[in-house]
Amino acid sequence: MWERSLVLSAPGKVILHGEHAVVHGKVALAVALNLRTFLRLRPCAEGKVCVRLPGVGVVRSWDTSSLQALRSGVAADFDESKSPSVEQLHTLKEFAGIAAGASAPESLAILAFLYMCLAISAKYGDVPNVDILVWSELPTGAGLGSSAAYAVCLAAALLTACRAISCPLKEGESTARWTEEELTLINSWAFQGERVIHGNPSGVDNAVGTWGGALRYQSGKITPLKRVPMLRILLTNTKVPRSTKVLVAGVKEKILKFPAIMNPVLDSIDAISQECQSVLEAMPANPSPEYYPVLEELFDINQHHLNVIGVGHPSLDRLCRVTASHGLHSKLTGAGGGGCGITLLRPDTSPLVMEAAKRDLCACGFECWETNIGAPGVTLHSSSSLNAEVLHALSES
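To start, this report covers the structure provided alongside it. The structure presented is a predicted model; accordingly, all values stated were derived computationally and were not measured. (Residues numbered from 1 in each chain as written. Predicted model: local features only at pLDDT ≥ 70, side-chain atom pairs only at ≥ 80, totals over all residues. Heavy atoms only, no water.)

## Re the overall build of the chain
- Along its length, the chain carries 12 helices and 13 strands.
- With the C-alpha coordinates of the chain rotated into their principal frame, the extents come out at 60 × 50 × 40 Å.
- Of all 397 residues assigned to the chain, the portion counted as buried reaches 55%.
- Within the chain, residue pairs in contact and separated by at least 24 positions form 77% of the contacts whose partners lie at least 6 positions apart.
- Total accessible area on the chain is roughly 16600 Å²; 54% of this is exposed by carbon and sulfur atoms.
- Side chains of the chain give 34 positive and 37 negative charges; the mean places of these two sets differ by 3 Å. (Helix = DSSP H or I, 4+ residues; strand = E, 2+ residues; numbered from the N terminus. Buried < 20%, exposed > 50% of the residue type's maximum accessible area, 1.4 Å probe, protein only. Contact = heavy atoms within 4.5 Å. Areas by Shrake-Rupley, 256 points an atom, 1.4 Å probe, with all protein chains shown as cover. Lys, Arg positive; Asp, Glu negative; His and termini not counted. Charge placed at Lys NZ, Arg CZ, Asp CG, Glu CD.)

## Comments concerning the state of the cysteines
- The final tally for this structure, using the stated rule, is 0 disulfides.
- Counting only cysteine sulfurs, Cys-364 is the nearest neighbor of Cys-320, a cysteine outside any disulfide, at a range of 12 Å. (Disulfide = S-S within 2.5 Å.)

## Here we look at the packing of helix 1 (residues 64-74) against helix 3 (residues 105-124)
- At a minimum axis separation of 10 Å, helix 1 and helix 3 run at an interaxial angle of 80°. The orientation of helix 1 relative to helix 3 falls into the category roughly perpendicular. Counted together, Leu-67, Leu-70, Arg-71 and Val-74 of helix 1 and Leu-114, Leu-118, Ser-121 and Ala-122 of helix 3 form the full contact between these two elements.
- Among the residues making up the contact of helix 1 with helix 3, the classes are represented as 6 nonpolar, 1 polar and 1 charged. (Axes fitted to C-alpha atoms, helices over the stretch in contact; angles between N-to-C directions. Parallel < 35°, antiparallel > 145°, perpendicular 65-115°, else oblique. Nonpolar A, V, L, I, M, F, W, Y, C, P; charged D, E, K, R; others polar.)

## Some points on the side chain of Glu-19
- The residue Glu-19 is located in the loop between strand 1 (6-17) and strand 2 (28-43) in this model.
- Residue Glu-19 is classed as buried on the basis of its relative accessible area of 4%.
- Within the local environment of Glu-19, its side chain forms a polar contact with the backbone nitrogen of Gly-334, the two atoms lying 2.9 Å apart.
- Once residues within four sequence positions are removed from consideration, Glu-19 is found in contact with Asn-302, Leu-306, Lys-331, Leu-332, Thr-333 and Gly-334. (Polar contact = N/O pair within 3.5 Å; in protein donor to acceptor, adjacent residues only side chain to side chain.)

## Observations concerning the packing of aromatic side chains
- All chains considered together, the criterion is met by 2 aromatic pairs.
- The interplanar angle of 15° and the centroid separation of 5.9 Å between the aromatic rings of Trp-62 and Phe-113 together place this pair among those described as stacked. On the criterion of sequence distance, the pair formed by Trp-62 in strand 4 (residues 58-63) and Phe-113 in helix 3 is long-range, its members being 51 residues apart.
- Residue Trp-62 is classed as buried on the basis of its relative accessible area, which comes to 7%. (Phe/Tyr/Trp six-rings, centres within 6.5 Å; stacked < 30°, edge-to-face > 60°.)

Set out below in structure tokens:
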């Protein structure tokens, strides 16, 4: 029996530099975004497992006996190192009443929950009767790692409930984090959840959600940066939908058409990522204000490069113009072609400038959040460490 209530959270992510170039073997820097997904785990009625996802309108519960029967039917190959099989996912879809080709966020969220619940319990013993409620500050489908934050929270909660990892939050502490070894296990199961949702993810988003801070990613190799500063940013969602697949294909076509022109641009984006990495790693030991103009200039140069390779958009140009009129520097983050942009804020950026910039961006029909990057990864929280909005969202049931 699971006997206590726990709250944990994981951050979203933004790409600081290297989007698109990373597809062609260059360095990308991904950083944890302090807009978080929160999960409340508490005991459930005897013989039940419940999951509630109010953001996508999901409330589901299953008898533990029917989940155990389902698990014995599909459990032959549950392992954190193996991709979920087509057959396993087909069986889970049938069980949950999800149509074969369903790709709506709520269908994929239920599927990932069922897969992780069965796979983790197959390996570490039955998941006890639990009620899981998930609420997020992250918009879905905006390229901000919302599905990975969900998968990381689920992995941490289910592994804790099965006692495969410890529960490190002690009486009187406001937050706690797991050991490096436990985080590695959380990350490997979160990657499985991402595979259920995305098919063939890079693993960057779940790694950022697990470890936080900043990661360097190149040709499949993920390296956490040792110490990075928390930087203030304004995150803006243009709300312009885009297809990552179409944008990636467009960049590839341009490179094939103009290799002598485009390859040096990719090399330059790579150099920006590496320069930014050195600045971020130098900042904690020497928090000098002179680093900010360098970071701002790297934003400006990279935004021009991203326009050159064809992933800009009039909405992003407008975002950059609006923030520049307030003396701020912005670039797109993620796939481009709409989506989100990030604006760097210096420690001394005045609240008046901030408010004026936000007002002008909202007048364009955009949505803005003032937040941080370089945030901590998956974390356990005491109730006293949570703000009123989160507490209210997690008390809804």
